[in-house]
Amino acid sequence: MTLDVEGYYKTIEGLTSFTFGFDSVNALTFSKGESKVLGLDVLLKMKINNYRTWLSYSLINNEFTFNEINNGNSFPGNFDITNQFIWSHSYEWNNFSASLGWSIRTGIPFTKAIGITENIDGAFIDYEEINSSRLPNYHRLDASVTYKFNISEDKKWKGKFGFSLLNIYNTENILSRTYQIRQNEDGSNVLREINKI
C-alpha cells in the first residue's frame, strides 16, 4: 500500500481579463490581475494479487484578483474545482483486464445572468458578480474490459479488443453554462440559458 500526500501554494501574476473571457459587462474593460492557488492532493494505492485500487482526493482553492473587476475583491477562478474524489479499480486474469472508475467533483464556477437591460444602444445581459455561482456537482461511473492476444506465433504481432461503458448511470453533467439574447416572434427579447453537457 502506498500513501502520497502533497500540498502546494502558487501565485501567478500578469494575468489579463481578456485571457479568461469572463461573462460580464464589467469584464469588458481590460484589467491586469493575479491568481492564487492553494491545494492538497492525497493518493492511496493498493495491490492485492491481480487486483489494484487507488483513491485520490484533491482540495483546491483557486482565486483571481483584478483591480478593475468585482471592486478589486477576489473571486473563484474559472476552473476552481474545490473538491475532487476518484476511486478506480482494475483486475487482470490471464489475457483479460477489467476496470471500474467513479469520480465526483464540485461544479465549476460560472457567472449567472439575472436579466436583460434594453436601451437605445441595444439589449445587454445583466450578470451577478463574476463566478459567484456554481454548476451542479459532476459525477460519473465508467467501466471497461480488454482482451490481449497474439496475432503471430513468434509474438511479434499482438492485438487487443476492448469494450467500454462511459457514464453508466447516464448522469447529465453540465460542463459549462452561457447565455444568449434571443428575439421572440413579437420582437421582444428573451434570455436563453445554454448548457454544454
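See above for the structure.
The residue numbering used here restarts from 1 in each chain and proceeds along that chain's sequence as written. In keeping with the predicted nature of the model, local features appear solely for residues at pLDDT of at least 70, side-chain atom pairs appear and are counted solely at 80 or more, and the whole-chain, interface and lining totals rest on all residues. Hydrogens are left out, water is left out, and the side-chain values use all remaining heavy atoms of the structure.

Caption draft 1: Local environment of the pattern of salt bridges. Between Lys or Arg on one side and Asp or Glu on the other, a salt bridge is scored when a side-chain nitrogen of the former is within 4 Å of a carboxyl oxygen of the latter. Tallying each qualifying case throughout the model produces four salt bridges. In this structure, the salt-bridge partner of Arg177 is Glu193, at a minimum N-O distance of 3.6 Å. One end of the pair, Arg177, is in strand S13 (residues 176-183); the other, Glu193, is in strand S14 (residues 189-196), and 16 residues separate them in sequence. Think of it in three bands: with a 1.4 Å probe and only protein chains considered, a residue is buried below 20% of the maximum accessible area for its type, exposed above 50%, and partly exposed in between. Judged by its relative accessible area of 15%, Arg177 is buried. Residue classification places Glu193 among the partly exposed residues on the basis of a relative accessible area of 42%. Helix and strand assignments come from DSSP, with helices taken as H or I runs of at least 4 residues and strands as E runs of at least 2, each series counted from the N terminus.

Caption draft 2: Structural view of unusual backbone geometry. Positioned with a positive phi, Asn94 is a non-glycine residue whose angle comes to about 50°. Within the fold, Asn94 resides in the loop between strand S5 (83-93) and strand S6 (96-105). One non-glycine residue, Asn131, lies in the positive phi region at around 55°. Take Asn131: it is sitting in the loop between strand S9 (122-127) and strand S10 (133-134). Residue classification places Asn131 among the buried residues on the basis of a relative accessible area of 6%.

Caption draft 3: Spotlight on a nonpolar patch on the surface. Taken together, Tyr91, Trp93, Phe96, Val145, Tyr147 and Phe161 make up a surface patch of nonpolar side chains, about 620 Å² in accessible area. Put simply, the parts of the chain that give the nonpolar patch at least two residues each are S5 and strand S11 (138-150). Here Tyr91 is to be found in strand S5. When its relative accessible area of 42% is taken as the criterion, Tyr91 is described as partly exposed. Any residue with relative accessible area above 30% and no salt bridge may belong to a patch, with like charges joined within 9 Å and the nonpolar Val, Leu, Ile, Met, Phe, Trp and Tyr side chains within 5 Å. Working definition of accessibility: Shrake-Rupley area with a 1.4 Å probe, residue cover restricted to the visible protein chains.

Caption draft 4: Structural context of a positive patch on the surface. On the surface, a cluster of positive charge is made up of Lys148, Lys155, Lys158 and Lys160. With respect to the helices and strands, the residue Lys148 is situated in strand S11. Here Lys148 falls in the partly exposed class, since its relative accessible area comes to 46%. Two residue types count as positive, namely Lys and Arg, and two as negative, namely Asp and Glu; His and chain ends fall outside the count. Here the site of a charge means atom NZ of a Lys, CZ of an Arg, CG of an Asp or CD of a Glu.

Caption draft 5: Seen up close, the packing of aromatic side chains. Two rings belonging to Phe, Tyr or Trp (six-membered ring only in the last case) form a pair when the distance between their centres is within 6.5 Å. Interplanar angles under 30 degrees mark stacking, angles over 60 mark edge-to-face geometry, and anything in between is tilted. Evaluated as defined, the whole model comprises nine aromatic pairs. Ring geometry for Tyr127 and Tyr179: centres 6.5 Å apart, planes at 70°, overall edge-to-face. Of the two residues, Tyr127 is situated in strand S9 and Tyr179 in strand S13; the sequence distance between them amounts to 52 residues. Feature note: the residues Trp93, Phe96, Tyr147, Phe149 and Phe161 constitute an aromatic cluster, connected by ring pairs. As a reminder, the over-ring test applies to NZ of lysine and CZ of arginine, requiring each to be within 6 Å of the ring centre and within 35 degrees of the ring normal. One residue, Arg105, lies across the ring of Tyr138, its end atom 4.4 Å from the ring centre.

Geometry only, nothing functional implied.
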